[in-house]
Amino acid sequence: MIAGVIGATGYAGAELVRLLSGHPEVEKLVLSSVSFEGERIEDIYPGFLSRVSYPLLKAEDVISSSDVVFSALPHAVGEPYAAACMEKDIHFIDLSADFRFDDDEETYSAWYGKQYKYPELHKKSIYGLPEMNRQKIKEAAAKGKVIIGNPGCYPTAATLGILPALGSAAQEGGTIIVNAVSGISGGGREPSRSFHYSECADSISPYKIASHRHSPEIARNIARFIESSHPERQAQKIIFTPHLAPMNRGILSTIYIPLRDEWRVTPVNSNRPQSKEMEIKTEEILNLYAGFYKNEPFVRMLPKGVTAAANRVRQSNFCDICVSLDINGSTLIAATAIDNMVKGAAGQAVQNMNIIFGFNETAGLQAIPILF
């Protein structure tokens, strides 16, 4: 199979090249880059020397030569390439936000300031979070070529930490708080003042408070899940605050989920952090999450006493999750860790490709996380 990558020299694009070059089902890559057209990928990323060597072509050449095309372009750029792929009967996996909202142009326009150029394409696109939409992806691919809207990095980490609680444990209509920390690579390869070493080293700070574009994506995921699995229930509200941390890659999300009465525990003594009853209830919550993700190859439920950490999933497609009960016995605290460039971008895109083509879902994604 031949895989094409448009925008191969951005961070997500280069990560796609790294992963696809080791994929057992990919025979060849075809790459493009507007910024570096005519050069070779190893000239831009010398880490590829002696292992990966491809010229950087025009996007049109990628589309005409590929069985599947990945678009790692900025928002509001990829639609014409998606249209071209559909005309040529080629699967299209988009890493921008352009196809994450299906045909909800109103929400997309409100948060991204753009209108759809090809509205008809969005009616058949699929949101590519496998743990949520795997069956939809399979069914659509069985009928013909598909467009996948690869999820955002923050929404992936947040959604996976929330979904298992929605069916039974989470308080109906309650407000879920997501505090997330991301590495600097999440801002892309283009330089900006906020990413200068002297601006972000030795510090951590929130940004885009109450206005981050991933907020509606997280809220939409929660609402869609409730609609499909528990239509009688009211969806939770989401408060999402991202933070920039002085690390290259990774996302750590700490999620606070108010519990229904039957899942709450009244503390016997407020001076004691955990009562026996709290320990039992925490174990029940852990079992709830473990059961929900028992067949998911890339979600790892951490045992009691082990916390999620960004460095333990580095350069892997894993999402690690740990759960706890707060000292008051009324709130579930879930923490998730992913690599924003892998499970949050390129790795998840490859996972979607595997589902589309019927490959082993873990193909090309089996690397053990870098340990230190």
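Our subject is the structure that appears above.
The structure contained in this document is the topic of the report that follows. In this text the structure is predicted, and so the values were computed from the model without any measurement.

1. Some words on the nonpolar core
Here comes step 1: Counting 47 residues, the largest nonpolar core has Leu 16, Leu 20, Leu 31, Phe 70, Ile 93 and Met 353 as its most contacted members.
Here comes step 2: Among the secondary structure elements, those contributing two or more residues to this core are strand S1 (2–6), helix H1 (11–21), strand S2 (28–32), helix H2 (41–44), strand S4 (68–71), helix H7 (130–143), strand S14 (331–338) and helix H12 (342–357).
Here comes step 3: Considering each element in turn, this core owes the most residues, eight residues, to H12.
Here comes step 4: Ranked by size, the runner-up nonpolar core spans 43 residues in total, among them Ala 170, Ile 257, Val 265 and Cys 319.

2. Details of the sheet that holds S2
Here comes step 1: Here seven strands make up an open sheet; going across it, the order is S3-S2-S1-S4-S5-S7-S6 and the pairing parallel. A single partner strand is all that each edge strand has here, and the edge strands are strand S3 (56–57) and strand S6 (125–127).
Here comes step 2: Sheet contacts for H7: S6 and strand S7 (147–149); angle to S6, the most-contacted strand, approximately 155°.
Here comes step 3: Packed on one face of the sheet, H12 meets S4, strand S5 (91–94) and S7 and runs near 155° to S5.

3. Considerations on the sheet that holds strand S11 (residues 251–258)
Picture the strands of a sheet paired through backbone hydrogen bonds; they go either parallel or antiparallel.
Here comes step 1: Here we have seven strands laid out as an open sheet, ordered S9-S10-S8-S11-S14-S13-S12, and mixed in their pairing. The open sheet is flanked by strand S9 (205–206) and strand S12 (299–301), the only strands paired with a single partner.
Here comes step 2: Sheet analysis places S9 next to strand S10 (residues 237–244), joined by two bridges and oriented antiparallel. Bridge pairing links Pro 206 to His 243 in S10.

4. Some thoughts on H7
Here comes step 1: Helix length check: H7, at 14 residues, gives a terminal C-alpha distance of 18 Å against a target of 20 Å (1.5 Å per residue), a fit within 8%.
Here comes step 2: Taken as a whole, H7 has its buried residues at Pro 130, Glu 131, Met 132, Asn 133, Arg 134, Ile 137 and Ala 141.
Here comes step 3: Along its buried surface, H7 packs onto S6, S7, helix H8 (153–166), helix H10 (214–229), S12 and H12.

5. Here's the deal with a nonpolar patch on the surface
Here comes step 1: Residues Ile 368, Leu 371 and Phe 372 make up a contiguous nonpolar surface patch of about 470 Å² in total accessible area.
Here comes step 2: Mapped onto the elements, Leu 371 comes out in the segment after H12.

6. Some words on the packing of aromatic side chains
Here comes step 1: Scanning the entire structure with this criterion turns up ten aromatic pairs.
Here comes step 2: Between Tyr 108 and Tyr 112, the ring centres sit 5.3 Å apart and the planes meet at 15°, which makes this aromatic pair stacked. With a gap of four residues between them, Tyr 108 and Tyr 112 both fall in helix H5 (residues 105–112), about one helical turn apart. Like Tyr 112, Tyr 108 is buried.
Here comes step 3: An aromatic cluster is defined as three or more aromatic residues linked by ring pairs; in this entry it consists of Phe 101, Tyr 108, Tyr 112 and Tyr 116.
Here comes step 4: Between Arg 220 and the ring centre of Tyr 127, over which it is positioned, the NZ or CZ distance is 4.4 Å.
Here comes step 5: Geometry around Phe 318 places Arg 300 over its ring, the cationic atom sitting 4.2 Å from the centre.

7. Some details on the pairing of S2
Here comes step 1: Of all five residues making up S2, four are buried, and the element is well covered by its neighbours.
Here comes step 2: Where S1 and S2 come together, five bridges link them in parallel fashion. The partner of Ile 2 across the bridge, within S2, is Lys 28.

8. Some words on the pairing of S4
Here comes step 1: Residues Val 68 and Phe 70 line one face of S4 and the alternating positions Val 69 and Ser 71 line the opposite face, and both faces are buried.
Here comes step 2: Looking at chain direction, S4 and S5 are connected through four bridges and run parallel. Bridge pairing in S5 places Phe 70 opposite Ile 93.
Here comes step 3: One crossover worth recording links S4 to the parallel S5 by way of helix H4 (residues 79–87), and it is right-handed.

Conventions we followed
- Per chain, residues are indexed from 1 in the order of the written sequence.
- Restriction of local features to residues with pLDDT of at least 70 applies here, the model being predicted, together with a cutoff of 80 or more for giving and counting side-chain atom pairs; totals for whole chains, interfaces and linings are based on all residues.
- Side-chain metrics rest on all non-hydrogen atoms present in the structure, leaving aside hydrogens and water.
- Only buried residues count toward a nonpolar core. Its members are Ala, Val, Leu, Ile, Met, Phe, Trp, Tyr and Cys residues joined through side-chain atoms within 4.5 Å.
- Under the scheme applied here, a residue whose accessible area is under 20% of the maximum for its type counts as buried, over 50% as exposed, and between as partly exposed, the area being computed with a 1.4 Å probe on protein chains only.
- The secondary structure listing takes helices from DSSP runs of H or I that are at least 4 residues long and strands from runs of E that are at least 2 residues long, numbered from the N terminus.
- Here a strand pair is declared whenever DSSP counts at least two bridges between the two strands.
- Two residues qualify as a contact provided that any one of their heavy atoms is within 4.5 Å of a heavy atom in the partner residue.
- Every axis corresponds to a line fitted to the C-alpha atoms, with the helix fit spanning only the stretch in contact, and the corresponding angles, defined between N-to-C directions, vary from 0 to 180 degrees.
- Every helix has an expected span of 1.5 Å times one less than the residues it contains.
- Here the term patch refers to residues with relative accessible area over 30% and no salt bridge, with like charges joined within 9 Å and nonpolar side chains (Val, Leu, Ile, Met, Phe, Trp, Tyr) within 5 Å.
- Residue-level accessible areas treat just the shown protein chains as cover; the underlying method is Shrake-Rupley with a 1.4 Å probe.
- By convention in these notes, a salt bridge is any Lys or Arg side-chain nitrogen within 4 Å of a carboxyl oxygen on Asp or Glu.
- Here a Phe, Tyr or Trp ring, Trp counted by its six-membered ring, pairs with any other such ring whose centre lies within 6.5 Å, and the pair is stacked when the planes are under 30 degrees apart, edge-to-face when over 60, and tilted otherwise.
- The criterion for a charge sitting over a ring is simple: Lys NZ or Arg CZ within 6 Å of the ring centre, and within 35 degrees of the ring normal.
- With the strands aimed away from the viewer, a crossover counts as right-handed if its path from the first strand over the helix to the second runs clockwise.

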